Amino acid sequence: MDSGFIALVTMYLIASVRMATPLILAGLGEAISEKAGILNIGVEAIMLSGAFFSFIVAFFTGNLFLGLLAGIMGGIFVSMIHGVLSIHCKANQTIAGLALNFMMMGLTSFLFLIVFGQTTTLPSCSVFSEVKIPLLSSIPIIGSALFNQNIFVYIALISIVLTAIFFYKTEWGINLHAVGEHPQAANSAGLNVFAIRYFACFVNGVLGGLGGASITLGQLGFFMENVTSGRGYIALVVVILGRRNPVGIFAAAMVIGFSQALQYNLQTLGFPIPTQVFSMFPYVVAVIVLFLSIGKSIDPSALGIPFERNKR
Amino acid sequence: MALLSMKNICKSFFGKRANNRVCFDLMPGEIHALLGENGAGKTTLMNILYGIYSRDSGVILWKGQEVSFTSPREAIACHIGMVHQHFMLVPTLTVSQNITLGLREKGYPFPDRKALNATITEVSEKYGLEIDVNAYISSLSVGEQQRVEIIKLLYRDAELLILDEPTAMLTPQETEYFFEVLRKLRADGRSVIIITHRIPEIMSITDRVTVLRDGCNVVTEKTSDITEQELSQYMIGRQLNSIQREPIVPDAGREGLLLEDVSLKEKNIKGLDSISLQIAPGEIVGVAGVDGNGQKELVEVILGIRKQSSGKIGLDGLDMSSMSVLERKKLGIGYISDDRQQDGLVMDMNLTDNMLLKTHTEQQFIKGGLINARLVWEDTKKVVEEYAIKTPDLNTPLRNLSGGNQQKLILAREMAGDPKAIVAHQPTRGLDIGATEFVQQQLLQRRSKGCCILLISADLEEILLLSDRIAVIYKGRFMGIFPNTKDLNLSHIGLMMAGRTSEVREESL
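The structure presented is a predicted model; accordingly, all values stated were derived computationally and were not measured.

Undergrad: Just checking my understanding: could you explain the overall build of chain B for this structure?
TA: Counting its secondary structure elements, chain B contains 18 helices and 22 strands. For 509 residues, the compact-globule estimate of 2.2 N^0.38 gives 23 Å, and chain B sits close to it at 25 Å. Expressed along its principal axes, the backbone C-alpha trace of chain B runs to roughly 70 × 55 × 50 Å. When each of the 509 residues of chain B is scored for burial, the buried share is 54%.

Here it is, written out as structure tokens:
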């Protein structure tokens, strides 16, 4: 094979994995939440919150790990609001998610303005640098794509494996599945449906917050209004395409990640086409892939339906 | 000493008393029937015991200790188990996973499936409850699912098993098999409570019976000291009118409802397989079978909701195979669906609007191209009086009416304009005895007016009571059609419901 071609493939793979990382993290969180029957379309809000708080803390402390922790907390904060609304208040989960998306869009921009004021140059912080894993990173092509990356990529990869074990090898996975499929049955088997659902929301917050932080602390090094630019919604698409299966989510995120990498690249090649056309690309891919997968997805039966214990 | 005693249990739902100072006690090693009509408060009482509902007042003693469960988990920990009428199994999990759901077995959270399966098999074999532990619940029959539910309780070492309407969905053979299991459980020292409204079944299996009516105790008696007639009087508080079928008046001019070699294939699954049937005017044909053997498909194909893959459907000589639902209904077909909340009514709409669902295209309600609300209102008012539908007013959403009154409205709507045929799918499902009687009388009245009636019911008693002929359906096929006479062999019908024709043939040789 031509060495130039290999170099090109490697470059695209590295970029795809980077682009896919926030989607994988947020997607896994959402998959866990949906498995438990909580449809949280507020992923965008969780990610935005994660991105904002991770940047603020990293900027002022200069400590990226503290930033990462703050990102997680920010994600949990939003996800738990959604959890309380949909589990305790039995609100419509879709509306609650939408409301959170708009709320966090406004809130993060507002807080950003309060902290930094109107600036012409965006305040920035350093980003996590790549960590080379010995031996593994020298595997041709995929080595540098998977094993010479920043901490978020590793967390995402490990999360895929852990989620897969959790879903398919543990009693907890079965419990989660039961709660999402038939909460009455889970309740009568002695499981605490509410606790399991709150747990799922919590994990969704952790992973979604990480996903948000991976944008600011892994890729950009700065925060701006709507920095997630719809990645939360794309993550929802990834969950559906990947059938809530961790490996499926990885594959779906890679497809979208590749199209994102491609569009950045095409933008720089200087075609006489407005850049907006290229920016559309990942979303067009998402729509097309959704078209191709019509009718194949099987949702948990109790997805989006609040559980009431004393119901008649 | 009693194993369980419940004293003066009270429970209200939205101001309505579901249990009013109910007392109940159970001896160890006893099979005890809790008998009552729908809405008598049987299930409520047991749900209170099981920790699903909280009680308003009253005392529960389990083995002499006062208990108050706030969740099924606590009841299970005290070795009390319950099988609900609607099974509490996760269809997308396996038998084994369902049985151990919620338990913290050795190795938790990494279950050793093999070891667990071995224990499950041991328990199931002990009581003759055979099951494939690795099968998915969604692939099991109702009878098998019930077995899984019982194994689930035994796996948790339940000393008391509460079974809610356990025989409702079983064939006569499955019921007999199920009673055999119960006897083994009793012999093993376990106690069983059966919640039911079917009197004949409990006579052979139970030791004692407690009757509830309108949330109150009526009587508790040894089964051997009481007769079926007495029990039915206790249960409904009056004597039942016996139903009489007069002979069919032949109507030579009409062909009736005709199905010719009707098949339905959807997604490569045969829902219906060469169904042929002619229902004469003034005849009721009952279709017996275990739920989910093509009944819904049959009904919906006749109505045109689904399109048959091959075959012809006709009414009085008119081929309606390619007609739309509306055209068929206008031709004179009434439809009583088995799921009135889903298919029959719009629960949030009021009575007049629900009546309009069928009549909105009829010229008699249309003036100047618009529906005349006053005419519809008058029509509905007439219907409400005629059928004695209990409702505060005509603007009440159907949701606020009782099941019986909802069904009456459907009946009124579907029987308006003297239909030539009626398709009645489980017309008495979930109704109390009074409402059931009313529906059955209405069907018989239509019959005497020359209406062709297809009656589909999971309740064999009802089929036997009303039908002139009985068809048995299994996996979308008619296994046989018999005239409903006194010497009808019930065990043949039971075997056919379970899909076993060969044995029937052998016996009839």
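Undergrad: Sorry if this is basic, but what is going on with the side chain of Lys358(B) here?
TA: Mapped onto the elements of the fold, Lys358(B) is located in helix H12 (residues 351–359). When neighbours within four sequence positions are excluded, Lys358(B) is seen to be in contact with Lys329(B), Ile333(B), Arg413(B), Glu414(B) and Ala416(B).

Undergrad: Explain the packing of aromatic side chains here, please?
TA: For any pair of aromatic rings, geometry is given as the distance between the ring centres together with the angle between the planes. Residues and elements named next belong to chain A. Scanning all chains against the criterion turns up 21 aromatic pairs over all chains. An angle of 10° between the planes, with centres 5.9 Å apart, marks the rings of Phe60 and Phe116 as stacked. Here Phe116 lies in helix H4 (residues 93–116) and Phe60 lies in helix H2 (residues 43–61), a separation of 56 residues in the sequence. A residue is classified by how much of its surface remains accessible, and Phe60, at 53% relative accessible area, is exposed. Between Phe166 and Phe199 the ring centres are 6.4 Å apart and the planes differ by 70°, which places this aromatic pair in the edge-to-face class. With Phe166 in helix H6 (residues 151–169) and Phe199 in helix H9 (residues 193–220), this pair connects stretches of sequence that are 33 residues apart.

Undergrad: What should I look at first to understand the packing of helix H3 (residues 64–88) of chain A against H9(A) in this one?
TA: Residue and element names in this part refer to chain A. Put simply, H3 and H9 touch, their axes get as near as 6 Å, and they point 140° apart. One way to sum up the angle between H3 and H9 is to call them oblique. Crossing handedness for the pair H3 and H9: right-handed. Split into classes, the residues belonging to the contact of H3 with H9 amount to 15 nonpolar, nine polar and one charged.

Undergrad: Explain the side chain of Glu462(B) to me, please; I cannot follow it from the model alone.
TA: Residues and elements named next belong to chain B. Tracing the backbone shows Glu462 in helix H16 (residues 460–466). The side chain of Glu462 is buried and forms no salt bridge, while Arg198, the nearest opposite charge, is found at 9.0 Å. Among the polar contacts made by the side chain of Glu462, one reaches the side chain of Thr428 at a distance of 2.6 Å.

Undergrad: Can you help me understand the interface of chain A and chain B in this one?
TA: Often, the extent of an interface is quoted as the loss of accessible area upon association of its parts. On the chain B side, the residues contacting the 23 residues of chain A number 33 residues. Note on chain A versus chain B: buried area summed over both sides is about 2300 Å², and carbon and sulfur give 58% of it. In this structure, the connection of chain A to chain B is made through one salt bridge. The salt bridge involving Arg113(B) is made with Glu171(A); its shortest N-O contact spans 3.3 Å. Applying the counting rule to chain A against chain B returns five residue pairs in polar contact (both at pLDDT 80 or more). Put simply, the parts of the chain that give the side of chain A that touches chain B at least two residues each are H6, helix H7 (171–181) and helix H8 (183–188) of chain A. Top contributing element to the side of chain A that touches chain B by residue count: H7(A), with seven residues.

Undergrad: Could you clarify how one ought to interpret the environment of Lys486(B) in this entry?
TA: Within the secondary structure, Lys486(B) is located in the loop between strand E22 (477–483) and helix H17 (490–497). A sequence separation of 22 residues divides Lys486(B) from Leu464(B), and the C-alpha atoms of the two residues are 9.7 Å apart.

Undergrad: Is there a simple way to think about the sheet that holds strand E2 (residues 16–26) of chain B in this case?
TA: By way of backbone hydrogen bonds, the strands of a sheet pair with one another, either parallel or antiparallel. Residues and elements named next belong to chain B. Pairing is antiparallel across the open sheet formed by four strands, whose spatial order is E2-E1-E4-E5. One side of each edge strand has no neighbouring strand; the edge strands of this open sheet are E2 and strand E5 (65–67). Taken over all neighbouring pairs, the strand axes of this sheet differ in orientation by 30° on average, direction set aside. The pairing of strand E4 (residues 57–62) with E5 spans three bridges and is antiparallel. What sits directly across from Leu61, in E5, is Glu66. Most of the contacts of helix H1 (residues 42–49) go to strand E1 (residues 4–13), to which it runs at about 115°, and overall it touches E1, E2 and E4.

Undergrad: Quick question: what am I supposed to make of the pairing of strand E14 (residues 310–315) of chain B here?
TA: Walk down a regular strand and you will see the side chains alternate between the two sheet faces. Residues and elements named next belong to chain B. With five bridges connecting them, strand E11 (residues 257–266) and E14 associate as antiparallel partners. The partner of Leu257 across the bridge, within E14, is Leu315. With two bridges connecting them, E14 and strand E15 (residues 318–319) associate as antiparallel partners. Paired with Leu315 across the two strands is Leu318, which belongs to E15. Linking E14 back to E15 in an antiparallel pair, the connection comprises two residues, with Asp316 at a positive phi of about 50°.

Undergrad: I would appreciate a short explanation of the nonpolar core in the present structure.
TA: The nonpolar side chains of soluble globular proteins are, as a tendency, buried together. By size, the foremost hydrophobic cluster in this structure holds 76 residues, and its most contacted members are Ile32(A), Leu176(A), Leu210(A), Phe223(A) and Val238(A). With ten residues, the top contributor of residues to this core is H9(A). Beyond its immediate sequence surroundings of up to four residues, Leu210(A) is in contact with Leu25(A), Leu68(A), Ile72(A), Phe152(A) and Ile155(A). Judged by nonpolar contacts, the second largest core, of 36 residues, contains Ile99(B), Ile131(B), Ala135(B) and Phe178(B).

Undergrad: Is there a simple way to think about a nonpolar patch on the surface in this case?
TA: Residue and element names in this part refer to chain A. A cluster of nonpolar side chains, Phe60, Met103, Leu107, Phe110, Ile114 and Val115, forms an exposed patch at the surface whose accessible area comes to about 570 Å². Here the element with the most residues in the nonpolar patch is H4; it accounts for five residues. Along the chain, Met103 turns up in helix H4. Classification of Met103 as partly exposed rests on a relative accessible area of 40%.

Undergrad: Help me out: how do you make sense of the domain arrangement of chain B in this one?
TA: All names here are of chain B. On domain assignment, one finds that chain B holds domain 1 (4–236) and domain 2 (257–508). For domain 1 and domain 2, the distance between their C-alpha centroids amounts to 33 Å. Of the roughly 930 Å² buried where domain 1 meets domain 2, counting both sides, 62% is carbon and sulfur surface. Three residues, Asn38, Thr171 and Gln173, lead the burial of domain 1 against domain 2; their summed loss comes to 42% of the area buried on that side. Across the contact surface, domain 1 and domain 2 share zero salt bridges.

Cut-offs and rules
Residues numbered from 1 in each chain as written. Chains lettered and ligands numbered in written order. Predicted model: local features only at pLDDT ≥ 70, side-chain atom pairs only at ≥ 80, totals over all residues. Heavy atoms only, no water. Helix = DSSP H or I, 4+ residues; strand = E, 2+ residues; numbered from the N terminus. Rg over C-alpha atoms; globule rule 2.2 N^0.38 Å. Buried < 20%, exposed > 50% of the residue type's maximum accessible area, 1.4 Å probe, protein only. Contact = heavy atoms within 4.5 Å. Phe/Tyr/Trp six-rings, centres within 6.5 Å; stacked < 30°, edge-to-face > 60°. Axes fitted to C-alpha atoms, helices over the stretch in contact; angles between N-to-C directions. Parallel < 35°, antiparallel > 145°, perpendicular 65-115°, else oblique. Left-handed = near helix turned anticlockwise from the far one by under 90°. Nonpolar A, V, L, I, M, F, W, Y, C, P; charged D, E, K, R; others polar. Lys, Arg positive; Asp, Glu negative; His and termini not counted. Salt bridge = Lys/Arg side-chain N within 4 Å of Asp/Glu carboxyl O. Polar contact = N/O pair within 3.5 Å; in protein donor to acceptor, adjacent residues only side chain to side chain. Buried area = accessible area lost by both parts, 1.4 Å probe. Pairing = 2+ DSSP bridges. Core = buried A, V, L, I, M, F, W, Y, C linked by side-chain atoms within 4.5 Å. Patch = residues over 30% accessible without salt bridge, like charges linked within 9 Å, V, L, I, M, F, W, Y side chains within 5 Å. Areas by Shrake-Rupley, 256 points an atom, 1.4 Å probe, with all protein chains shown as cover. Domains from an automatic or database assignment.

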